[in-house]
Amino acid sequence: ENVNKFLNYMQEISLQGASDIALAVSQASNPDWLTNSKNTSKNIFLLSDGSSTWGEFDNYAISQNINENDKVFAFNIGMSGMDITALEHLTRTSGGALFAVTGEDQVGEASTAFRYKPWKVEDITIKNTSDILISGRPEYIYPNQQLIIAGRGNVPKNSTLSINLKQGTKNKKLSVSFNKAVDSELAKRVYGQIATTQLEEFDYATEKYSIAYASYFRVPGKTCSFLMLESEADYAQFGIQPEETKFVVSSTPVNSIIDKTLKEIGEFLGNAKSAFKNWLKKLPKLDGFTFEVPTALEMLIETCPENSFIVKGKGLKCKARKKANTSTEFLKELYKSKLDYDFIYKEANSRKQSYGQSDALLLLSSLIEKNPGNSVMTRDVAFSALEYNLPEQAYFLFRRVLDARPHEPQTYHAIAQALTEIGKIDLAIFYYEVAITATWDARFGEFRLIAGLDYLKLLREIKKGKYKVSFTDYVDSRLTTLTSQFAEQTADLMITISWNTDNTDIDLHVIEPTGEECFYSHPKTRIGGRLTMDVTQGYGPEMYLLNKAKKGKYKIKAKYFSSDRNRASTRTKVYATIYQNWGKENEKITRKVVTLEDNKDMHKIMVLEIQ
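The structure presented is a predicted model; accordingly, all values stated were derived computationally and were not measured.

S.K.: Could you give an account of the sheet that holds strand β10 (residues 491–499), with specific residues and numbers?
M.R.: Spatially, β13-β14-β10-β16-β17 is the arrangement adopted by the five strands of the open sheet, whose pairing is antiparallel. The open sheet has two free edges, formed respectively by β13 (530–531) and β17 (588–595), since each of these has just one partner strand. Looking at chain direction, strand β16 (residues 573–582) and β17 are connected through eight bridges and run antiparallel. Along β17, the bridge assignment pairs Y575 with V593.

Pasting the structure below:
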């Protein structure tokens with residue numbers, strides 16, 4: 001009866017939006033209706049492809065949301081696009097299992113296998129082999145669980161594979177005999193794929209080994225990406241030489257690397273502070289900008305509590321989840337493999353008016369679900385999240401963009417702004433420090449000035465007691481230094497813009513109450529309006545500043561000068577932030593996202609009247 005009620009209810013639901021796996025397992029592990037959920041053992045069934053397109057995306061951080069007594073069970077149904085690595089990680093770290101269900105005949109077995117006590121894998125042996133690996137590295141196995149095993153060596157005909165298992169005080173030995181041996185290059189590649197995937201799981205800690213294994217076996221993944229070339233000579237031409245990594249692969253078996261890594265950093269996996277510190281160490285090695293971690297910043301991070309680095313995703317509190325609340329046209333659109341960008345944004349604006357900002361963002365998140373890995377689209381939706389006053393959602397989206405495109409400075413600035421609104425001030429300061437300390441490409445104009453003024457404003461607010469931090473001495477020191485570097489104390493009006501498409505020239509125009517227009521060829525006006533350097537190659541930022549405003553209307557506009565016609569499937573958008581009484585007690589911040597059209601000369605951002 002309950003199953004039928006549940007199925008009938010689910011038929012009324014409209015499935016839309018992106019997938020927040022971290023939030024899903026967190027709510028399943030700690031449901032509101034269950035008292036003392038942390039001490040209640042639960043089986044969690046994750047019916048998902050494992051691809052986390054929203055919220056936290058680090059597997060170790062996601063698994064931190066699962067209580068110690070809970071087990072996660074997931075199902076590999078053989079569809080393309082499944083993140084098997086994520087599913088393997090969540091099931092392994094919780095003591096659950098990943099079952100293969102690629103046909104109806106396997107459904108019955110998989111649906112009951114979890115009821116049995118699992119057996120812990122003690123060791124695996126087979127004659128003439130070493131470094132035996134199980135895909136997904138499961139610690140426990142259940143009935144009907146599929147195992148893919150690979151290792152090094154030449155296995156003779158009629159060999160026996162032995163798996164020693166333990167369950168409490170019980171021991172069991174499984175044996176599988178092979179009546180033939182097939183000589184195939186594919187076997188080597190299977191081993192290389194499993195080995196590389198397992199090494200990449202530890203990110204920075206095993207990166208040099210991951211690169212060696214990926215290069216030697218030519219396995220694309222998080223560490224390396226390859227084009228399939230025509231010949232060995234082509235690989236040599238591009239410097240991809242397996243011989244150079246052969247020594248690393250032959251002398252360092254995967255199992256020994258993983259055992260050593262777990263002993264050294266096992267307790268830090270999933271630790272937000274450790275993850276941030278190691279991400280910071282990687283920045284100086286990246287291309288496209290120059291950055292060295294200042295000693296003072298490094299010392300400061302060491303003294304900060306771990307809580308300063310933890311940002312928890314919040315669920316969207318939506319009202320329209322049923323098909324009855326959704327237009328027929330939109331339901332048809334959701335069935336498409338590729339969503340129409342303009343249609344989705346139009347529907348989101350309508351939903352915002354009817355149901356609120358969370359519902360609008362939920363709908364926009366469908367664009368991320370259908371375009372995973374598209375940084376332009378992700379940035380686009382992230383700025384909408386900021387406009388909707390949903391900074392937690394924006395933070396995780398910007399982090400995805402930063403992970404893919406660390407050479408673009410505006411993302412560090414946007415993350416710092418989102419963190420400030422969330423109230424994670426320590427972490428916001430660290431991102432501001434990277435933003436103003438690094439040396440960026442000249443095409444980003446006066447980015448340091450624009451980000452620096454926002455940072456200076458934050459430091460002043462901390463000094464006035466609006467925010468609390470873990471390091472007041474550092475704030476005092478930076479406040480003194482930056483005040484001498486940036487002369488601005490307050491301004492009646494400050495306007496900053498950036499945009500979402502590269503190789504695009506957008507110009508900021510501000511028409512003052514006198515009729516005088518401040519823009520790239522007339523950057524200073526009689527009443528004191530000033531415009532920063534004209535950015536012509538994409539993203540911005542540009543800023544208008546007026547210390548003492550004259551009463552009257554200020555018309556804020558953007559001009560579409562030129563664009564990259566090969567941009568991703570989005571419209572060019574301007575993200576404008578308007579500060580009234582910047583740096584003063586009665587400061588007001590307004591955010592606007594304006595979609596531009598190629599054929600329109602000037603696009604109104606807003607008309608602001610100052611009394």
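S.K.: Account for the pairing of strand β8 (residues 159–167), with residues named and values stated.
M.R.: The pairing of strand β4 (residues 119–125) with β8 spans five bridges and is antiparallel. Of the residues in β8, the one forming a bridge with V121 is L165. Judged from the nine bridges that link them, β8 and strand β9 (residues 170–178) form a sheet pairing that is antiparallel. Bridging across to β9, I163 finds its partner in L174. Hairpin connection between β8 and β9: a loop of two residues separates the two successive antiparallel strands, and G168 in this loop has a positive phi of roughly 65°.

S.K.: Run through the confidence of the model for the chain, naming residues and quoting values.
M.R.: Across the chain, pLDDT averages 90, with 97% of residues at or above 70. Confidence, expressed as mean pLDDT per element, reaches its minimum in the chain at helix α8 (residues 232–237) with 72 and its maximum at helix α19 (residues 425–437) with 97.

S.K.: Outline a nonpolar patch on the surface, listing residues and values.
M.R.: The grouping of V3, F6, L7, Y9 and M10 at the surface amounts to a nonpolar patch, some 500 Å² of accessible area in total. Tracing the chain through its elements places L7 in helix α1 (residues 2–10).

S.K.: Just give me the short version of the side chain of D359, but keep the residues and values in it.
M.R.: Position of D359 among the secondary structure elements: in helix α15 (residues 357–370). Contact partners of D359, with chain neighbours within four places excluded, come to K317, C318, K319, A320 and R351.

S.K.: Quick rundown of the side chain of S52? Include the residues and the values.
M.R.: Within the secondary structure, S52 sits in the loop between β1 (43–46) and α3 (59–63). Of the polar contacts made by the side chain of S52, one reaches the backbone oxygen of W54; its length is 3.4 Å. In this structure S52 touches S19, I21, F57, I62 and R400, once residues within four positions along its chain are discounted.

S.K.: Got a sec to walk through the sheet that holds strand β2 (residues 71–76)? Specific residues and values, please.
M.R.: Strand order in the open sheet made by the three strands is β1-β2-β3, with parallel pairing throughout. Every interior strand has two partners, whereas the edge strands, β1 and β3 (97–100), have only one. In this sheet, adjacent strand axes meet at a mean angle of 25° when their direction is disregarded. Where β2 lies against β3, four bridges are found, and the strand directions are parallel.

S.K.: An account of the packing of α15 against helix α16 (residues 375–387) is needed here, citing residue identities and associated values.
M.R.: Put simply, α15 and α16 touch, their axes get as near as 10 Å, and they point 175° apart. Put simply, α15 runs roughly antiparallel to α16. Together, Q357, L361, L364, L367 and I368 of α15 and M377, T378, V381, S384, A385 and E387 of α16 make up the contact between the two elements. When grouped by side-chain class, the residues that make up the contact of α15 with α16 number seven nonpolar, three polar and one charged.

S.K.: Can you explain the pattern of salt bridges? Please cite residues and give values.
M.R.: Within this structure, the stated rule accounts for 29 salt bridges. Its salt-bridge partner being K188, residue E185 comes within 3.5 Å of it at the nearest N-O pair. Here E185 pairs with K188, and both are found in helix α6 (residues 185–200), just three residues apart, close to one helical turn. Judged by relative accessible area, which is 41%, K188 ranks as partly exposed. Close ionic contact of D342 with R571 constitutes a salt bridge, the shortest N to O distance being 2.4 Å. Taken together, the positions of D342 in helix α14 (residues 341–354) and R571 in the loop between β15 (552–562) and β16 put the pair 229 residues apart, joining distant regions of the chain. You can call D342 partly exposed: its relative accessible area is 35%.

S.K.: Requested: an account of the packing of aromatic side chains, with residues and values cited.
M.R.: One pass over the full model with this rule turns up 29 aromatic pairs. When the centroid spacing of 5.2 Å and the interplanar angle of 45° are considered together, the rings of Y412 and W440 count as tilted. Taken together, the positions of Y412 in helix α18 (residues 409–422) and W440 in the loop between α19 and α20 (447–463) put the pair 28 residues apart, joining distant regions of the chain. Classification of Y412 by relative accessible area gives buried; the value is 0%. Assessed through its relative accessible area of 13%, W440 is described here as buried. A network of ring pairs unites the aromatic residues F276, W279, F289, F309, Y412, F430, Y431, W440, F447, F471 and Y474 as a single cluster.

S.K.: Report on helix α21 (residues 472–485), specifying residues and quantitative values.
M.R.: Here α21 spans 20 Å end to end across 14 residues, near enough to the 20 Å set by a 1.5 Å rise per residue. Every buried residue of α21 is listed here: Y474, V475, R478, L479 and L482. Projected down its long axis, α21 carries its buried residues within an arc of 135°, all on one side. Turned more than 90 degrees away from the buried face of α21 sit D473, T480 and S484, all of them exposed. Where α21 is buried, its residues contact α12 (295–303), α19 and α20.

S.K.: Talk me through the packing of α18 against α19; I want residue IDs and the actual numbers.
M.R.: At a minimum axis separation of 8 Å, α18 and α19 run at an interaxial angle of 165°. Looking at the two axes, α18 sits roughly antiparallel to α19. Both α18 and α19 take part in a crossing whose hand is left-handed. Only I425, L427, A428, Y431, Y432, V434 and A435 of α19 make contact with α18, whose side of the interface consists of Y412, H413, I415, A416, Q417, L419 and T420. Considered class by class, the residues forming the contact of α18 with α19 number 11 nonpolar, three polar and no charged.

What counts as what
Residues numbered from 1 in each chain as written. Predicted model: local features only at pLDDT ≥ 70, side-chain atom pairs only at ≥ 80, totals over all residues. Heavy atoms only, no water. Pairing = 2+ DSSP bridges. Helix = DSSP H or I, 4+ residues; strand = E, 2+ residues; numbered from the N terminus. pLDDT = per-residue confidence, 0-100. Patch = residues over 30% accessible without salt bridge, like charges linked within 9 Å, V, L, I, M, F, W, Y side chains within 5 Å. Areas by Shrake-Rupley, 256 points an atom, 1.4 Å probe, with all protein chains shown as cover. Salt bridge = Lys/Arg side-chain N within 4 Å of Asp/Glu carboxyl O. Contact = heavy atoms within 4.5 Å. Polar contact = N/O pair within 3.5 Å; in protein donor to acceptor, adjacent residues only side chain to side chain. Axes fitted to C-alpha atoms, helices over the stretch in contact; angles between N-to-C directions. Parallel < 35°, antiparallel > 145°, perpendicular 65-115°, else oblique. Nonpolar A, V, L, I, M, F, W, Y, C, P; charged D, E, K, R; others polar. Buried < 20%, exposed > 50% of the residue type's maximum accessible area, 1.4 Å probe, protein only. Phe/Tyr/Trp six-rings, centres within 6.5 Å; stacked < 30°, edge-to-face > 60°. Expected span 1.5 Å × (residues − 1). Arc of directions from axis to C-beta. Left-handed = near helix turned anticlockwise from the far one by under 90°.

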